[in-house]
Amino acid sequence: MRRLLTRARPATDAEELELAGARPSPAVAKRPPRGDRFGARDLFAEATFGIGARPGRLILTIMGTVLGIASVVVTVGLANTAAGQINKQFDAVAATQVVVEPAKSSNGGQERARGRLPWDAADRVSRLAGVESAGTLAEVDIDGAKVTSVPVNDPSQPSQTSTPVLAASEGLLETLRGFVVTGRNFDSGHDGRGDRVVVLGAQAAEALGVNRIDSQPSIFIGEDSYTVIGIIDGVKRKTEVLEAVILPMGTARADFDLAAPAELQVRIAPGAGEVVAQQAPIALDPNSPDGFSVKAPPARSSVQENVQGDINLIFVALGAVALLIGGVGIANVTLLSVMERVGEIGLRRALGATRRDIAAQFIVESAIIGLIGGLIGASLGVAVVVLVSALQSWVPILDLRVVGAAAVAGGVIGLAAGFYPALKAAAIEPITALRRGV
């Protein structure tokens, strides 16, 4: 018999020991071939089979993660979008207006102006970078004269509060974001010639009984007649001009001896306040820039930052709570699955599966469930942010890095949630599992 074996093929060490009547030592026994081991492909196949075996439970488990991830994406996306709207409102109103006035010094308890705005102050400042429009403004002293729509000389008539009279340059209306309701605004020609024309604020026109200008109505300042060429409204800043009669600067100089503009209103681009505040005094008077006081908005409002920070904190906290609920749901369902599959675990252990193989299977199952929920939840969150922004006519602001991180976070949460159930499954003894599972 031995000769036949020798002729057929060389005997292995184990066979020679067996023929000699000895048992092979453990050191001589070979490991199973690589193809018979439990590899990554087998692990993934077992995990996907375990997930798909109960589709109803799978849908309910994924829904928890979907809602958690979608909540995070929606809350962060809407927080950024809302912050963008807040920024827009702050930029449109508070952070785009600069006021330049003559600086004042105190001498013996009395304030005295140290500088004087030039008549062409608006033109000088308009050349600066970041300036969108500029206009000068001054209160006109009419020496107690009355402003009326018809000349009245009745000593018995009770005195009435006179409508204020202001002098302005051509660009003031645009700078204050106002518009002409009817007629037109005066221009540089009226200013240069000193024409007796006026523009009425909407409230002043109502008080004077002027509601149309097609018949060229006139108002009277004292006994002098001025033609009304327009009515303005919608002023966002310096709203007191709506209660006033507004003259061209040249007319106020000629008729009421106006000495100089009292202030310069400047509309700037968002973020240009600091630069304009430094350059405007030099543009107005290079020899004495310290003769002017500039009120400019800061580069970024602290109120704006506080509001934006509070909104982000609230939304992120809500998203974290929703995400935690999703993770607890995955852990709960995975642990329940371990209890239901005790027989399967015992059978696999009896057939040679190690504790590591059992633990890896349940961890991979939880990670796959979390990743699927993360991908679906991130997509759903993006859709909700875009839909809400479209309904509110907002510009949606989404950080793609946050969306990608949220999708990956679903897998990470699933991985973490499956860790404890996986340890419980790996700790089950084969005999006990088979007895309980049968």
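Keep in mind that what you see is a predicted model, and the values were worked out from it rather than measured.

**Q** I'm lost on the overall build of the protein chain in this one. Help?
**A** Regarding its fold elements, the protein chain presents 16 helices and 13 strands. For the protein chain, the residues scored as buried account for 39% of the 438 residues in total. Of the contacts made within the protein chain by residues no fewer than 6 positions apart, 81% connect residues no fewer than 24 positions apart. Total accessible area on the protein chain stands at roughly 24800 Å², and carbon and sulfur atoms take up 57% of it.

**Q** Help me understand the pairing of strand β9 (residues 218-221), please; the structure alone is not making it clear to me.
**A** As a general feature of sheets, a regular strand has side chains that alternate between the two faces. The pairing of strand β5 (residues 147-148) with β9 spans two bridges and is antiparallel. Counterpart to Val 147 in the pairing with β9 is Ile 221. Across four bridges, β9 lies against strand β10 (residues 224-233) in antiparallel orientation. The partner of Ser 218 across the bridge, within β10, is Thr 227. A loop of two residues connects β9 with β10, the two strands running antiparallel in sequence, and Gly 222 in this loop sits at a positive phi of about 70°.

**Q** Help me out: how do you make sense of unusual backbone geometry in this one?
**A** The phi angle of most residues is negative, glycine excepted, and most peptide bonds adopt the trans form. At Lys 238, a position not held by glycine, the phi torsion is positive, near 55°. You can see Lys 238 is positioned in the loop between β10 and β11 (245-248).

**Q** In this structure, what is going on with a nonpolar patch on the surface? I would like to understand it.
**A** Residues Ile 59, Met 63 and Leu 67 make up a contiguous nonpolar surface patch of about 290 Å² in total accessible area. Note that Ile 59 resides in helix α4 (residues 55-93). Using a relative accessible area of 53% as the deciding quantity, one classes Ile 59 as exposed.

Rules behind the numbers
- Residues numbered from 1 in each chain as written.
- Predicted model: local features only at pLDDT ≥ 70, side-chain atom pairs only at ≥ 80, totals over all residues.
- Heavy atoms only, no water.
- Helix = DSSP H or I, 4+ residues; strand = E, 2+ residues; numbered from the N terminus.
- Buried < 20%, exposed > 50% of the residue type's maximum accessible area, 1.4 Å probe, protein only.
- Contact = heavy atoms within 4.5 Å.
- Areas by Shrake-Rupley, 256 points an atom, 1.4 Å probe, with all protein chains shown as cover.
- Pairing = 2+ DSSP bridges.
- Patch = residues over 30% accessible without salt bridge, like charges linked within 9 Å, V, L, I, M, F, W, Y side chains within 5 Å.
- Salt bridge = Lys/Arg side-chain N within 4 Å of Asp/Glu carboxyl O.

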